[in-house]
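# Overview (structure and organization)
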Amino acid sequence: PHMRLGELLADGGKRAAFADAIAARGLRLDAINCSSDPLHPVHGAAHRTLVADSLRLAGELGVEKIVSMSGCPGDSSQAPTINWIWFPWPDEMQAIRERQWETAVEVWSELAELARANGVTKIALELLPLQLVYNVPTLLRLREAVGEAIGANIDPSHMFWQQMDPLRVVAALGPAVHHVHLKDTELFADELALNGVLDYRSWDDPAHRAWVFRTVGQGHPASFWGGFVDALRASGYDGALSIENEDLLMPGTVGVREAVSLIAPFLEAA
């Protein structure tokens, strides 16, 4: 929603004005984000176009990275929506999942080729549940099949509630870490005891959920975030740390300022 893709692709003058507006403020455009589901059985074609246009615009602007999601197919060509298979039973689920992977490799191979043609070297896929690529093994599987353009957008918030360790994820992925979101998760023991991490209740009532997204430091202490920055540095990552604020329990501007205040000292210590 922050970029008018069609206008910017069609008009070199508007692209130049857009780039100048960023540079004039002492900023740098690190990546183009296109949240999408290019494998969706209904919306996939439109979302593939969105990713393709984002790759073309990145090339025009000299940006070498896009951030997106892998997407998730349905369970058949007639499916009305996705089918995210995370449980190994019943047995037919495994066959469906392998067909989904065939689709994913085909789609992302085509998009990776388009990326190369436009000078985009990194496609950072957020490791997000409801996506075919959501953890270390699935990211590495797609990367092996498609190539090193495929990498991860590391967002610790999604790992916390799944009981993953973001530091070990970063260490395991190494050069496949392409982008980073700074976002925390707070877990509530009483709600977890009764609902578990697969809590489907609405975001509209965050006080009655097992977990919610928070500003960094609200779910995990500063010591964790210092270790997280150290792990990124050890992996060789030197890109942007993008504050993604989805904290429903505090105003957005407050949350962003708190995130900057917490993280900045760890960057200055480099």
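To be clear, the structure that these remarks concern was listed above.
Since we're looking at a predicted model, the values are computed, not measured.

Quick look at the overall build of the protein now. Each helix and strand counted, the protein has ten helices and eight strands in total. A compact globule built from 270 residues would reach a C-alpha radius of gyration of about 18 Å, and the protein, at 19 Å, matches this within 12%. In terms of its C-alpha atoms, the protein occupies a principal-axis envelope of roughly 55 × 50 × 35 Å. The buried share of the protein, reckoned over its 270 residues, is 46%. A separation threshold of at least 6 residues defines the contact pool for the protein, and within that pool the share at least 24 residues apart is 74%. With an accessible surface of roughly 13,600 Å², the protein has 55% of that area assigned to carbon and sulfur atoms. In the protein, which carries 21 positive and 35 negative side-chain charges, the distance between the mean positions of the two groups comes to 4 Å.

Going residue by residue along strand 2 (residues 65–68), you find Lys-65 and Val-67 tucked away on one face and Ile-66 and Ser-68 tucked away on the opposite face as well. In the sheet, strand 1 (residues 32–33) pairs with strand 2 via two bridges, with the strands oriented parallel. Among the inter-strand pairings, Ile-32 is bridged to a residue of strand 2, identified as Ile-66. Viewed along the sheet, the connection from strand 1 through helix 3 (residues 44–61) into strand 2 turns out right-handed. Looking at chain direction, strand 2 and strand 3 (residues 122–126) are connected through four bridges and run parallel. By the bridge assignment for strand 3, Lys-65 is matched with Lys-122. One crossover worth recording links strand 2 to the parallel strand 3 by way of helix 4 (residues 92–117), and it is right-handed.

It is worth spelling out the nonpolar core at this point. The tendency in soluble globular proteins is for nonpolar side chains to be buried side by side. Ranked by internal contacts, the top residues of the largest apolar core, which has 53 residues, are Ile-66, Trp-108, Leu-127, Ile-154, Leu-173, Trp-225 and Phe-228. A total of eight residues in this core trace back to one element, the largest contributor, which is helix 4. In this structure, Leu-127 is in contact with Val-133, Tyr-134, Asn-135, Leu-139, Ala-152, Asn-153, Ile-154, His-158, Met-159, Val-169 and Leu-173, ignoring residues within four places of it in sequence.

Moving on to the pattern of salt bridges. Considering all chains together, one arrives at 16 salt bridges under this definition. For the salt bridge of Arg-141 with Glu-98, the shortest nitrogen-to-oxygen distance reads 2.8 Å. Taken together, the positions of Arg-141 in helix 5 (residues 136–146) and Glu-98 in helix 4 put the pair 43 residues apart, joining distant regions of the chain. Assessed through its relative accessible area of 34%, Arg-141 is described here as partly exposed. One salt bridge in this structure joins Lys-183 and Glu-244, with 3.2 Å as the shortest N-O distance. Here the residue Lys-183 occupies a position in the loop between strand 5 (177–182) and strand 6 (184–187), and Glu-244 occupies one in the loop between strand 8 (241–243) and helix 10 (252–268), the gap between them amounting to 61 residues. Taken together, the shared-partner salt bridges connect Asp-155, Lys-183, Glu-244 and Glu-246 into one network.

Turning our eyes to something else, we now look at the environment of Val-146. Here Val-146 shows up in helix 5. For Val-146 and Leu-55, which are 91 residues apart along the polypeptide, the C-alpha to C-alpha distance reads 16 Å. With near-sequence residues (within four places) excluded, Val-146 lies in contact with Val-105, Trp-108, Ser-109 and Ala-112.

The rules behind the values
- Residues numbered from 1 in each chain as written.
- Predicted model: local features only at pLDDT ≥ 70, side-chain atom pairs only at ≥ 80, totals over all residues.
- Heavy atoms only, no water.
- Helix = DSSP H or I, 4+ residues; strand = E, 2+ residues; numbered from the N terminus.
- Rg over C-alpha atoms; globule rule 2.2 N^0.38 Å.
- Buried < 20%, exposed > 50% of the residue type's maximum accessible area, 1.4 Å probe, protein only.
- Contact = heavy atoms within 4.5 Å.
- Areas by Shrake-Rupley, 256 points an atom, 1.4 Å probe, with all protein chains shown as cover.
- Lys, Arg positive; Asp, Glu negative; His and termini not counted.
- Charge placed at Lys NZ, Arg CZ, Asp CG, Glu CD.
- Pairing = 2+ DSSP bridges.
- Right-handed = clockwise from strand over helix to strand, strands pointing away.
- Core = buried A, V, L, I, M, F, W, Y, C linked by side-chain atoms within 4.5 Å.
- Salt bridge = Lys/Arg side-chain N within 4 Å of Asp/Glu carboxyl O.

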